[in-house]
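# Close look at the chain arrangement
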Amino acid sequence: SSGINAEYGGADELFVRRFNLLFSQRQYSEAAKVAASAPKGILRTPQTIQRFQQCPSQAGQASPLLQYFSILLETSQLNKAESLELARPVLQQGRNQLLEKWLVEGKLECSEELGDLIKAHDTTLALSVYLRANIPNKVCHIVCN
């Protein structure tokens, strides 16, 4: 436990423990709320995303990963890793309008990687991401071609 204490402060450790407990009990939506509200985004990491990705979906329910992203979207802006991981399945389902809505609402962290991911599906939307992420060479590439 000294390793955890060195890595997190007392309150932070409580959030991590609570998250791990809820996760082990398969209370994914509650675990997602803990991750969303943990201080300094300590649980909003690629590792957390990976844990939700590896969870089995319950019949008739949104996947645990989707529950996680839904809760984050209600309360805050997604970070770069979250934005990329949410965009993948949304684009695969052809639901570009959802990404557009979240972009307009300022819910996604725009990055060159996000623009590149979207570009294969929707150039106009990718242009919007590149503009927001301030990637002038990619903006020019789309506009000039």
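Residues numbered from 1 in each chain as written. Predicted model: local features only at pLDDT ≥ 70, side-chain atom pairs only at ≥ 80, totals over all residues. Heavy atoms only, no water.

### Description of the packing of aromatic side chains
The condition is simple: For Phe, Tyr and Trp, rings pair up if their centres lie within 6.5 Å, where Trp contributes its six-membered ring, and each pair is then called stacked (planes under 30 degrees apart), edge-to-face (over 60) or tilted (otherwise). Only protein chains enter the accessibility calculation, which uses a 1.4 Å probe; a residue is then buried when its area is under 20% of its type maximum, exposed when over 50%, and partly exposed in between.
The final tally for this structure, using the stated rule, is 7 aromatic pairs. For the pair Y68 and F69, a centre-to-centre distance of 5.6 Å together with 40° between the ring planes defines the contact as tilted. The two residues Y68 and F69 agree in class, both being buried. Among the aromatic residues, ring-to-ring pairing joins F19, F23, Y28, F52, Y68 and F69 into one connected group.

### Observations concerning helix α6 (residues 80-92)
Heads up, the rule is: Under the scheme used here, helices are H or I runs from DSSP no shorter than 4 residues and strands are E runs no shorter than 2 residues, and both carry numbers assigned from the N terminus. In this analysis, the expected span of each helix is defined as 1.5 Å times one less than the number of residues it contains. We define a polar contact as two N or O atoms separated by no more than 3.5 Å, with the added condition that, inside protein, one atom must be a possible hydrogen donor and the other a possible acceptor, whereas residues neighbouring each other in sequence contribute only through side-chain atom pairs.
If you check α6, its first and last C-alpha atoms are 19 Å apart, about what 13 residues at 1.5 Å a residue would give, namely 18 Å. Taken together, the buried positions of α6 are E82, S83, L84, L86, A87, V90 and L91. At the N-terminal boundary of α6, the capping side chain belongs to N79, with an oxygen 3.2 Å from the backbone nitrogen of A81. Count one or two residues on from α6 and you reach G94, which has phi positive near 70°.

### Here we look at the packing of helix α5 (residues 64-75) against α6
Let me state the cut-off plainly: Lines are fitted to the C-alpha atoms to define the axes, a helix being fitted only along its stretch in contact, and any angle between axes, read from their N-to-C directions, falls within 0 to 180 degrees. Every angle not falling under 35 degrees, over 145, or within 65 to 115 is termed oblique; those three ranges are roughly parallel, roughly antiparallel and roughly perpendicular. With the far helix as reference, a near helix turned anticlockwise by less than a right angle produces a left-handed crossing, and one turned clockwise produces a right-handed crossing. Pairs of residues are marked as contacts when any of their non-hydrogen atoms sit within 4.5 Å.
Taken N-terminus to C-terminus, the directions of α5 and α6 make an angle of 125°; their axes are 11 Å apart at the nearest point. With respect to α6, the element α5 is oriented oblique. Remark: the crossing between α5 and α6 carries left-handed chirality. Residues L66, Y68, F69, L72 and L73 of α5 lie in contact with α6, whose contacting residues are E82, E85 and L86.

### Points about the environment of E100
Looking at the element boundaries, E100 is found in helix α7 (residues 96-104). Residue E100 is classed as partly exposed on the basis of its relative accessible area of 44%. E100 sits 49 residues away from R51 along the chain, and the two C-alpha atoms are 27 Å apart.

### Description of unusual backbone geometry
For K40, which is not a glycine, the phi torsion comes out positive at approximately 55°. Tracing the backbone shows K40 in the loop between α3 (28-37) and α4 (46-53). For K40, a relative accessible area of 71% puts it in the exposed group. Even without being glycine, N134 reaches a positive phi, approximately 60°.

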